[in-house]
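Geometric and topological summary
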Amino acid sequence: MRHRRHRHWAVAAVIVLVAAWSWLHFSNRTASPSTDSPPPKTASATDSVTISDKQATQVHVIRAATQAFDARLDALGYVDFNQDSTAQIFSPYQGRVLAVRARAGDDVKKGQVLFTVESPDLVQAESALISNAAVFDLSTKILERARKMLAVQANAQKDLEQAVSDQQTAHGNYLASRNAVKIFGKSDAEIDRLIATRTIDNTLTISSPIDGHVTARNIAPGTLVQPGASSPAFVVSDLSSVWVVANVPEDEIARVRMDQPVEVSVNGLPQRKLYGTISYIGSAADPGTHRIGVRAQIDDPQHQLHPQTMANFTVQTGAPTPSVAVPPDAVVREGDGSMTVFTTQDGRRFERREVRLGLQQYGMDQILAGLSPGEKLAGDGALFISSALALQSQ
């Protein structure tokens, strides 16, 4: 009986303890929070970190600003000659170069002689012209004499008809040989002088077809030249304007339109921006690079741009768009490739927040999503906050 009473007292004590614990737990849940209790957390321990006052000196807290970002497309390009104002000059005749009248780097005028060629074909054509001119002159005199003799019945009608036929044949041969010489670049005045003096000139002159700058010379006296050569004898280009050519990825070419403004910068002129407009968009993509050629014409009256140098090519594809902007130092690339910033209210507790980046212009990153204007965040020192958070998570 005594043991049974002790067991009943033990059970009763356990029941009392359980009831007391339940009452205390219920009271804590229903009671109003104390003013001294910390505010509820809005981020998990892996997304927020609190730093000390000393550590805070390493972090510069800034506010997210608003900036107008240009809708533009950046591409790497190069400067090229304006092919619409460039002449590749070949010798249209076979022969030997007698003299070269211009050097690479010279400025030449339209019609200025660049080089002369001694051509056996010209000698043959001029000889034929002189011969045919003499035959034509003789046949014309015979025809006139036949007409006079027929008038006094000193010859037959058939003699006159034969003289007419011979004169017409001689005239045709004369015109054909005259045109053959004209093909060699001889003027009518030069041809008339050639016939009058019966002197053969075996020298051909090749002149510049445009005003410009001699950018290449590939011949010297004694060089044998002929039509269809692989390289031109001279290249003359008007350098008052140049082309800037860029290759745009095929998935961005839809943003490019004719006459869109273009801004160009080159390493040789780091402090200067050059401006032009889109003048050509390629009709097909390169099958190897999947890029499409785009070209702009840039005025360069001072000849400061050098063809084949690299250039940064920026196309203005739309109106500027206001967006949230932060310095690049405020954005941290995480190990999974995501981009994050660290927002704060008091400069001590920082919360990691993922953002979506857009353009980078004028030294600022465009934030497309994840951050509002005016919010405080870590600027210079954001990487330090990221490292502190990583150490805390270990």
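Residues numbered from 1 in each chain as written. Predicted model: local features only at pLDDT ≥ 70, side-chain atom pairs only at ≥ 80, totals over all residues. Heavy atoms only, no water.

Here's the deal with the packing of helix α3 (residues 120–151) against helix α5 (residues 188–197)
At a closest axis distance of 10 Å, the pairing of α3 and α5 adopts a crossing angle of 65°. α5 is crossed by α3, and the crossing has right-handed handedness. Here α3 contributes E126, L129, I130 and A133 to the contact with α5, which in turn contributes I191, L194 and I195. Residues of the contact of α3 with α5, tallied by class, amount to 6 nonpolar, no polar and 1 charged. (Axes fitted to C-alpha atoms, helices over the stretch in contact; angles between N-to-C directions. Helix = DSSP H or I, 4+ residues; strand = E, 2+ residues; numbered from the N terminus. Left-handed = near helix turned anticlockwise from the far one by under 90°. Contact = heavy atoms within 4.5 Å. Nonpolar A, V, L, I, M, F, W, Y, C, P; charged D, E, K, R; others polar.)

What to know about the packing of aromatic side chains
Under the definition given, this model contains 3 aromatic pairs. Ring geometry for F136 versus Y174: centroids 5.4 Å apart, planes at 10°, classification stacked. Residue F136 is located in helix α3, and its partner Y174 is located in helix α4 (residues 157–183); the two are separated by 38 residues in the primary sequence. Summarising the burial analysis for this pair, F136 and Y174 share the class buried. One cation-aromatic arrangement involves R72 over Y362; the distance from NZ or CZ to the ring centre is 5.8 Å. Geometry around W243 places R295 over its ring, the cationic atom sitting 3.7 Å from the centre. (Phe/Tyr/Trp six-rings, centres within 6.5 Å; stacked < 30°, edge-to-face > 60°. Buried < 20%, exposed > 50% of the residue type's maximum accessible area, 1.4 Å probe, protein only. Lys NZ or Arg CZ within 6 Å of the ring centre and 35° of its normal.)

Considering the sheet that holds strand β5 (residues 95–100)
Strand order in the open sheet made by the 4 strands is β8-β7-β5-β10, with antiparallel pairing throughout. For this open sheet the edge positions go to β8 (203–207) and β10 (224–225), each flanked by a neighbour on one side alone. Both β5 and strand β7 (residues 113–118) contribute to a ladder of 4 bridges, which runs antiparallel. Paired with A99 across the bridge in β7 is T116. (Pairing = 2+ DSSP bridges.)

Considerations on the nonpolar core
I89, L114, F115, L129, I219 and F234 are the most contacted members of the largest nonpolar core, which has 31 residues in total. Listing elements by their share of this core, those giving two or more residues are β4 (86–89), β5, β7, α3, α4, α5, β8 and β11 (234–237). Top contributing element to this core by residue count: α3, with 6 residues. For F115, the contacting residues outside a window of four places in its chain are S91, V97, A99, V100, R101, L204, T205, I206, I219, A233 and F234. (Core = buried A, V, L, I, M, F, W, Y, C linked by side-chain atoms within 4.5 Å.)

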